[in-house]
Amino acid sequence: MNEINEKILGLMPKQLRLLLFGAAAVLRLALLVFGEWQDAHFEVKFTDIDYKVYTDAANHVLQGGSPYERHTYRYSPLVAYLCLPNLLGCPFFGKFLFCCMDMAIAVLIENQGEASFGAVGEEEKGTLRLRHTDETSRKRACATTRSSYPSNISNSSLPETAEPYPLHTFLLPCCCWLFHPVVAAVSARGNADAFPCLLVLLTLAALRSGKIFLAAMLYGLSVHVKLYPVIYGVPMLLYLQQGKELPEGLLKVPSFPKERLLQVVWGVFSAPVAAAMLPFRVCCFLLRRMDRWQWSFGLLSCAACLAIGSVFYFM
């Protein structure tokens, strides 16, 4: 994607990107150092209690046992295996790994933002080219920037997204993630919540790239690590539904009535029931209309989740 070389705070976009990611990395390293110092000098520990559970479970694995021999361990065995280096001379390895996952999430957030804008931009450019099919080949080739469009096409008819887009625009959601105090502290304290988040974003990236098999494997792994990504299954299947028309009444909610009594009934009963039934209606629609790609994604992701769980169960 083209970039506008507009300076922000006296920095070019790429320089600003390096500065932000560098500052976020320094922040997390500082939190790691501070956490080790607080754990050594204060009764109230900086390290999350879950991190001790991970490490104890890894110790059971190292001794040839099961991570679930550790009381209160209720996570994927994969987390215990990732924390094995904690017992091999690097007690903060797990925290460092989770912070790296944290940074990788920010990179994926930025890349997905650029990909979303690029998809919209290409679609609008394609629409514009269809509107001017009678133009010469020289004029049709000028679809890259606003300044290169033919003079007989008014600027008002051109999509705004035909212009190059500034890189720093996509850094805004990254900053919200990188410098959010809760996000930074959670990983630095040794919580593994960044792991399933990373897997979900990798799944989205694979879906957008058309790699259905890889996306299904990643999604199955993310559900294995933590159950909550299962709620993203229906939106992902709907994403694969793009290009097909949805029934008009599928997402429809009962209209707001004019009578006062009916308005009360609508607010207390009709609208909540319609909203509660919406996921079931969407699921029923998908089951009836799913194509081979949607079935492939759904079945492969289920198989991946079950296979990973079975491997750890029989180990």
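Residues numbered from 1 in each chain as written. Predicted model: local features only at pLDDT ≥ 70, side-chain atom pairs only at ≥ 80, totals over all residues. Heavy atoms only, no water.

A. Quick peek at the overall build of the chain. Helix and strand counts for the chain come out as 12 helices and 0 strands. Counting helices and strands in the order they occur from the N terminus, the chain gives α-α-α-α-α-α-α-α-α-α-α-α. Per-residue burial for the chain yields a buried fraction of 37% across its 315 residues. Excluding contacts between residues fewer than 6 apart, the proportion of contacts in the chain whose partners are at least 24 apart in sequence is 68%. Taken as a whole, the chain presents about 18400 Å² of accessible surface, with 66% of it coming from carbon and sulfur. (Helix = DSSP H or I, 4+ residues; strand = E, 2+ residues; numbered from the N terminus. Buried < 20%, exposed > 50% of the residue type's maximum accessible area, 1.4 Å probe, protein only. Contact = heavy atoms within 4.5 Å. Areas by Shrake-Rupley, 256 points an atom, 1.4 Å probe, with all protein chains shown as cover.)

B. Local environment of the packing of aromatic side chains. Taken as a whole, this structure holds 9 aromatic pairs when the rule is applied. Seen from their ring centres, phenylalanine 34 and tryptophan 37 are 6.0 Å apart, and the 35 degrees between their planes marks the pair as tilted. In this pair, phenylalanine 34 and tryptophan 37 both sit in helix α1 (residues 13-41), 3 residues apart, roughly one turn of the helix. Note on phenylalanine 34: relative accessible area 38%, which makes it partly exposed. In this structure tryptophan 37 comes out as partly exposed when scored by relative accessible area, which is 42%. Between tyrosine 68 and tyrosine 73 the ring centres are 5.4 Å apart and the planes differ by 65 degrees, which places this aromatic pair in the edge-to-face class. Taken together, the ring pairs connect Tyr54, Tyr68, Tyr73, Tyr75 and Phe98 into an aromatic cluster. The ring of phenylalanine 21 has arginine 17 lying over it, and the distance from NZ or CZ to the ring centre is 5.0 Å. Across the ring face of tyrosine 51, the terminal group of lysine 95 is positioned such that the distance to the ring centre comes to 5.4 Å. (Phe/Tyr/Trp six-rings, centres within 6.5 Å; stacked < 30°, edge-to-face > 60°. Lys NZ or Arg CZ within 6 Å of the ring centre and 35° of its normal.)

C. Looking closely at the nonpolar core. Tyr54, Tyr73, Phe98, Phe195, Leu207 and Phe297 are the most contacted members of the largest nonpolar core, which has 44 residues in total. Of all the elements in the fold, those that place two or more residues in this core are α2 (49-62), α3 (77-82), α4 (93-131), α8 (194-208), α9 (212-225), α10 (233-240), α11 (260-289) and α12 (292-314). Look past the residues within four positions of leucine 207 in its chain and what remains in contact with it is Ile212, Ala215, Met236, Tyr239, Leu240 and Phe297. Grouped together as the second largest cluster of nonpolar side chains are 9 residues, Leu16, Met103, Ala106 and Cys174 included. (Core = buried A, V, L, I, M, F, W, Y, C linked by side-chain atoms within 4.5 Å.)

D. Examining the UniProt feature "transmembrane region" (unreviewed entry) in the chain more closely. UniProt annotation of "transmembrane region" (unreviewed entry) refers to residues 16-35, 78-98, 212-240, 260-283 and 295-314 when read in the numbering used here. Spanning residues 78-98, this segment combines 52% helix with 0% strand, and its end C-alpha atoms are found 13 Å apart. With 76% helix and 0% strand, residues 212-240 has its two end C-alpha atoms placed 10 Å apart. (UniProt positions renumbered as here; feature names shortened; annotations may be inferred.)

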